[in-house]
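Per-entry structural report
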Amino acid sequence: MLELLTGRMSYDRTRTRGEQILVRWAVPQLYDIDALQRMVDPSLNGEFPIKSLSHFADIISRCVQAEAGFRPLMSEVVQDLQYLLQRGSP
C-alpha cells in the first residue's frame, strides 16, 4: 500500500540513504498530514480527498507494525479499504 500511496518502489538504491527503504522513510510521515500530502505519488496531481488520504494512512500504519500480533488480518484490511471506497463514492 505504501508503493501505491507514494509511487515508489519498496527498495530503491538510487535514492538517498534515508529514502532507500520505503517503509523506514514513509512510516514516520504517516502521522503528519503535511508530510503525508508531500509523499503522495505526484502523478495524482493532488487530486484526492485529504480525509481519505488520512484514513488510508491509518490503514497503512496498522499494517506496518513491527509486532506481527498488532497487524490486522488481511480480511480486516480489505473491509477497511472497502469502507473507505464506499465513503468516497458519490
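Each value, and the rule that gives it
Residue indices begin from 1 for each chain and proceed along its sequence in written order. Reporting of local features is limited, given that this is a predicted model, to residues whose pLDDT is at least 70; pairs of side-chain atoms are given and counted only at 80 or more, and all residues count toward the totals for whole chains, interfaces and linings. Excluding hydrogens and water, the side-chain values take into account all heavy atoms of the structure. A run of H or I in DSSP counts as a helix once it spans at least four residues, and a run of E counts as a strand once it spans at least two, with each numbered from the N terminus. Atoms counted for the radius of gyration: C-alpha only. Globule rule: 2.2 Å times residue count to the power 0.38. Per-residue accessibility, obtained with a 1.4 Å probe over protein chains only, is compared with the maximum for each type, and a residue is labelled buried under 20%, exposed over 50%, and partly exposed between these values. In this analysis, two residues are considered to be in contact whenever any of their non-hydrogen atoms come within 4.5 Å of each other. A 1.4 Å probe and the Shrake-Rupley method give the accessible areas. Residues count as covered only by the protein chains that appear here. In this charge count, Lys and Arg are treated as positive and Asp and Glu as negative; neither His nor the chain ends contribute. Charge coordinates come from a single atom per side chain, which is NZ of Lys, CZ of Arg, CG of Asp or CD of Glu. Each residue after the first adds 1.5 Å to the expected span of a helix. Put simply, a nonpolar core is a bunch of buried Ala, Val, Leu, Ile, Met, Phe, Trp, Tyr and Cys residues held in one set by side-chain atoms that sit within 4.5 Å of each other.

So, about the overall build of the protein chain. Scanning the protein chain from N- to C-terminus turns up five helices and zero strands. Its helices and strands in sequence order give the protein chain the pattern α-α-α-α-α, from N to C terminus. Taking 90 residues into account, the globule formula puts the C-alpha radius of gyration at 12 Å, and the protein chain, at 13 Å, falls close to it. Structurally, the protein chain occupies a C-alpha span of about 40 × 35 × 20 Å along its principal axes. The buried share of the protein chain, taken over its 90 residues, is 28%. Relative to all contacts within the protein chain whose residues are 6 or more apart in sequence, the contacts with residues 24 or more apart total 44%. For the protein chain, the exposed surface amounts to about 6500 Å²; the carbon and sulfur share of it is 54%. Computed over 10 positive and 11 negative side-chain charges, the inter-centroid distance for the protein chain is 4 Å.

We now examine unusual backbone geometry. In the Ramachandran plot, asparagine 45 falls in the positive-phi region, its phi being about 55° despite a non-glycine side chain. For asparagine 45, the position within the fold is in the loop between α3 (33-39) and α4 (50-63).

This part is about the environment of isoleucine 60. With respect to the element layout, isoleucine 60 can be found in helix α4. A C-alpha to C-alpha distance of 6.6 Å links isoleucine 60 and methionine 1, two positions 59 residues apart in sequence. With residues up to four places along the chain from it excluded, the contact list for isoleucine 60 reads Met1, Leu2, Leu5 and Leu30.

Taking 1.5 Å of rise per residue, 14 residues should cover 20 Å, and α4 covers 20 Å from first to last C-alpha, within 8% of that figure. Every buried residue of α4 is listed here: Leu53, Phe56, Ala57, Ile59, Ile60 and Ser61. Tucked into the core, α4 has its buried residues touching α1 (2-6), α3 and α5 (74-88).

A few words now on the side chain of glutamine 20. Mapping glutamine 20 onto the fold places it in the loop between α1 and α2 (22-26). In this structure glutamine 20 comes out as buried when scored by relative accessible area, which is 18%. Apart from residues lying up to four places away in sequence, glutamine 20 is in contact with Ser10, Tyr11, Asp12, Arg13 and Arg15.

Now for the nonpolar core. By size, the foremost hydrophobic cluster in this structure holds 16 residues, and its most contacted members are Leu2, Leu5, Ala26, Leu30, Leu36, Met39 and Ile60. Those elements that provide at least two residues to this core are α1, α2, α3, α4 and α5.

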